Amino acid sequence: MKRRCWFECGKDMDERQQLLRGKVFQHTVALLFVLLMANGLAKSAGVTWAEGMWENLLIMWAGMALAMYEFILRGIMSVGSRLSRILFPFEGIVGLILTVGCSYHIFSGGEAMIANGMLTSAGGELIEGCVMLSIGLVFLGRRLYDKGRENVEE
């Protein structure tokens, strides 16, 4: 029985793309390691820079954003593939909604972005939305760049 991967895992990847993919994961793991160590050192010194779960969520988003930026910009995940045509625009739209909603909440006086020297949940949501929006914008920029190059070649 042949296994089928819903995410098109490595289906059309050549050797160069597979090596680049490995380097992206190395960069992501290195970034996550550094950020987790810095967070641990801050915690041991009694510094809390974000309330609740937001410290860990923002560290996770930093790693995911790095990986997604590299996937898009290095051409590892084709901007024309079925998964990328769904995932990245959806992430950009959700990021836009989250950014606008959190910005309105913060700037209308609902909750401060920083309170008691810590990032609040509203501030964490705003940063998360901006990161998601930026991933969608990088995808859109790469897609427009690729279409422009196709038009020039023709």
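For the structure, check the block above.
First things first, this report covers the structure right here in the doc. All of these numbers come straight from a predicted model, not from anything done at the bench. (Residues numbered from 1 in each chain as written. Predicted model: local features only at pLDDT ≥ 70, side-chain atom pairs only at ≥ 80, totals over all residues. Heavy atoms only, no water.)

### Topic: the overall build of the chain
Part 1 of the reasoning: Scanning the chain for helices and strands turns up four helices and two strands.
Part 2 of the reasoning: Secondary structure elements in the chain, listed N-terminal to C-terminal, are α-α-α-β-β-α.
Part 3 of the reasoning: Of all 154 residues assigned to the chain, the portion counted as buried reaches 32%.
Part 4 of the reasoning: The contacts in the chain between residues at least 6 apart in sequence include a share of 70% that link residues at least 24 apart. (Helix = DSSP H or I, 4+ residues; strand = E, 2+ residues; numbered from the N terminus. Buried < 20%, exposed > 50% of the residue type's maximum accessible area, 1.4 Å probe, protein only. Contact = heavy atoms within 4.5 Å.)

### Some thoughts on the pattern of salt bridges
Part 1 of the reasoning: Under the definition given, this model contains three salt bridges.
Part 2 of the reasoning: Its salt-bridge partner being Glu70, residue Arg74 comes within 3.3 Å of it at the nearest N-O pair.
Part 3 of the reasoning: Note on Arg74: relative accessible area 34%, which makes it partly exposed.
Part 4 of the reasoning: Notably, a salt bridge pairs Asp146 with Arg142, separated by 3.1 Å at the nearest N-O pair. In this pair, Asp146 and Arg142 are both assigned in helix H4 (residues 121-153), four residues apart and thus about one turn of the helix distant. (Salt bridge = Lys/Arg side-chain N within 4 Å of Asp/Glu carboxyl O.)

### Some thoughts on the packing of aromatic side chains
Part 1 of the reasoning: Tallied over the entire structure, the rule returns two aromatic pairs.
Part 2 of the reasoning: The interplanar angle of 80° and the centroid separation of 5.8 Å between the aromatic rings of Phe25 and Phe71 together place this pair among those described as edge-to-face. Of this pair, Phe25 sits in helix H1 (residues 15-44) while Phe71 is found in helix H2 (residues 54-73), placing the two residues 46 residues apart along the sequence.
Part 3 of the reasoning: Classification of Phe25 by relative accessible area gives partly exposed; the value is 42%.
Part 4 of the reasoning: Judged by relative accessible area, Phe71 falls into the buried class, the value being 12%.
Part 5 of the reasoning: With centroids separated by 5.4 Å and ring planes inclined at 35°, the aromatic side chains of Phe88 and Phe139 adopt a geometry described as tilted. Placement of Phe88 in helix H3 (residues 82-107) and of Phe139 in helix H4 is noted, with a sequence separation of 51 residues between them. A single burial state applies to Phe88 and to Phe139, both of which are buried. (Phe/Tyr/Trp six-rings, centres within 6.5 Å; stacked < 30°, edge-to-face > 60°.)

Note that every value here comes from positions in space, so none of it alone points to a role or purpose.
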